[in-house]
Amino acid sequence: MEKSSDFMLYTRIQQKEKAALEQLYDRYEKILFSFLYKMTEDRDLAEEALQEVFIKLWRGKGEYDESKGKFTSWLFTMSRNSAIDLIRKQKKPSVPLDEIGDLVSPETAVEELAEWQEQKDQIQEAVSELSSEQQKMIQLFYFKGMTHETISTMCDIPLGTVKSRIRLALSKLKKTLHGVQERGAIDDEY
Amino acid sequence: MNTNCDHVVDYLNGTLTAEEKQAFEQHLATCADCRELVDAVGELPYLAEPAEPPVGMKSRILANVFEEEPQKQAEPERQVKKEKTVPMVKPKARRSSWAPLIAAVLLLSLLGNAYAFFKLADEQQPATESAFQSIELQPGEAFGGSAKAAIIQEEGSLEVVVQAEQLEQLQGDEVYQIWLLKEGQPVPAGAFTPDADQQGSAYYSMTENTEGWDTIAITREPEAGNETPEGEIVLSSEI
């Protein structure tokens, strides 16, 4: 249901319906901003990246369809690429590996319950089943937007194997998430 | 596992070329494995801690989005397209110094389009709508010059930009004439003469017969305006 209504909004956006874009904005503002902030660690950059996303959505033509997976996957990929562009333009000096936060931040007692808590619990559980090296790969590749070269240098692994390690980590994530979701479905049944 | 599956990381990173991306998207439509992987990765953002958006962000963003209508960007390009050809340098006559400037401006505008295209290509722009190709032309025997061409294909239009350097000086009415060839049949696609720095450039736009060109060539023509080449080919490349 959620998916098809996203898709409907997207279709209306393509027809230049401003209200549809605003609706989509309201629906994803919080998660997108939080995600982009996690990536950029800079509120201004996160806003800039988010603006890029909506400008592209508004101008884009016929780019998303359901054969490309979920709408949110597509939206998040586009958002991530906007953030990476901005991160790379910044050319911040690279920080040592041990100063880069963990993929899953340590829980604090007063943590605000996210609107997306249910998804968060699931993905967090799936991630926790990965090896620490796989978690690191996802953190550096996905959230920090590091190039394969940087990852190779930082983690001291041959450049030629970075891509396959990332891919392996993502494949494993796919499996563990699948497992978590199945367990969830069984829990729901009983 | 299919070799296409290897592209999934590059796909997520937006580093595939337009063709590779299109191929991967076709693959994605039929490979449940890759789709599941893309969707699993699509859950990762939910790991983010909730961050409170800055005050007024929504109105700022929406104002900027709706302000930047695509027409505004496309306009200068359309004006150019109305002209069937833009002679960069009038053959013979006075070669005034502003001609290369116009070429530079047009090139910049086109590069802007190309840049916009690459930006768009970052997110799922189908290659069928717009394609940008950069070509290095190969010099023929005993020709010292070099040239690069950019071919931008959009629905219903084709634009060709050529930049050449270290050109041999011409004599009399001679021009460097650009041709597009389809199965050996040439059509003229702009001409130029070298400036004092032995550089030359040309911009050409066509709205008919935009598909299927397989070769680009530059000849040294005895005069401008020939419909078929008479001179020798000095630079060429497959498209």
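Counting restarts for each chain: residues are numbered from 1 in the order of the written sequence. All chains are assigned letters beginning at A, and all ligands numbers beginning at 1, according to the order in which they are written. A pLDDT threshold of at least 70 governs which residues receive local features in this predicted model, and a stricter bar of 80 or more applies before side-chain atom pairs are shown or counted, although totals over entire chains, interfaces and linings include all residues.

1. A word on the overall build of chain B
Broken down by element type, chain B carries 6 helices and 9 strands. Taking the contacts inside chain B whose residues are at least 6 apart along the sequence as the reference set, 58% of them involve residues at least 24 apart. Helix and strand assignments follow DSSP, with helices taken as H or I runs no shorter than four residues and strands as E runs no shorter than two, numbered in order from the N terminus. By definition, residue pairs are in contact when their C-beta atoms, positioned from the backbone, come within 7 Å.

2. Observations regarding the interface of chain B and chain A
Listed by partner, the interface residues are 41 residues for chain B and 55 residues for chain A. Residue type decides the class: Asp, Glu, Lys and Arg count as charged, Ala, Val, Leu, Ile, Met, Phe, Trp, Tyr, Cys and Pro as nonpolar, and the leftover types, Gly among them, as polar. Here the side of chain B that touches chain A is composed, by residue class, of 25 nonpolar, 5 polar and 11 charged.

3. Things to note about helix α6 (residues 132-143) of chain A
Residues and elements named next belong to chain A. The length a helix should cover is 1.5 Å for every residue beyond the first. Over its 12 residues, α6 runs 15 Å from end to end, which matches the ideal 16 Å to within 8%, given 1.5 Å per residue. Within α6, burial applies to Gln 134, Lys 136, Met 137, Ile 138, Gln 139, Leu 140, Phe 141, Tyr 142 and Phe 143. Note on α6: the residue one or two positions beyond its end, Gly 145, has a positive phi of about 60°. To sort residues by exposure, count the other C-beta atoms lying within 10 Å of each residue's C-beta; 20 or more gives buried, 12 or fewer gives exposed, and values between give partly exposed, all with C-beta atoms placed from the backbone.

4. Some remarks on the confidence of the model for chain B
All names here are of chain B. Note: pLDDT gives the predictor's confidence per residue, expressed from 0 to 100. Confidence along chain B averages 77 in pLDDT terms, with 73% of residues attaining 70 or more. Element-level pLDDT for chain B is lowest in strand β1 (residues 85-86), with a mean of 43, against a maximum mean of 94 in helix α3 (residues 32-41). Taken together, the stretch residues 72-99 has pLDDT below 50 and engages in 31 contacts with residues farther than four places along the chain or on a different chain. Contacts for the low-pLDDT stretch residues 123-128, under 50 throughout, to residues beyond four places or in other chains number 15 contacts. The ipTM value of the predicted complex is 0.90, and its pTM value is 0.59.

5. Details of the nonpolar core
Soluble globular proteins tend to bury their nonpolar side chains together. Counting residues in each nonpolar core, the largest one holds 66 residues, and the members touching the most others are Leu 32, Leu 36, Leu 50, Phe 54, Phe 141 and Leu 173 of chain A together with Val 41 of chain B. With sequence-adjacent residues up to four places away left out, Phe 141 of chain A is seen in contact with Met 146, Ile 151 and Ile 166 of chain A. In terms of nonpolar packing, the next biggest core, distinct from the first, is built from 29 residues, Ile 178, Tyr 203, Trp 213 and Ile 216 of chain B among them. Among buried residues, those of type Ala, Val, Leu, Ile, Met, Phe, Trp, Tyr and Cys that are joined through C-beta atoms within 7 Å form a set called a nonpolar core.

6. Some thoughts on the environment of Pro 222 of chain B
Residue and element names in this part refer to chain B. On the secondary structure map, Pro 222 appears in the loop between β8 (215-221) and β9 (233-238). In this structure Pro 222 comes out as partly exposed when scored by C-beta crowding, with 15 C-beta atoms within 10 Å. Put simply, Pro 222 and Val 175 are 47 residues apart on the chain and 6.7 Å apart in space, counted from C-alpha to C-alpha. Once residues within four sequence positions are removed from consideration, Pro 222 is found in contact with Asp 173, Glu 174, Glu 230 and Gly 231.

7. Digging into unusual backbone geometry
Phi at Asp 156 of chain A is positive, roughly 55°, even though this residue is not glycine. Within the secondary structure, Asp 156 of chain A sits in the loop between α7 (148-155) and α8 (159-189). Residue classification places Asp 156 of chain A among the exposed positions, given that 8 C-beta atoms sit within 10 Å. Its identity as a non-glycine residue notwithstanding, Gln 198 of chain B has a phi of 65°, on the positive side. In this structure, Gln 198 of chain B sits in the loop between β6 (185-192) and β7 (200-206).

8. Some words on helix α4 (residues 71-90) of chain A
With 20 residues, α4 of chain A should reach 28 Å at 1.5 Å per residue; the first-to-last C-alpha distance of 29 Å fits that figure. A large share of α4 of chain A lies buried, amounting to 15 of its 20 residues.

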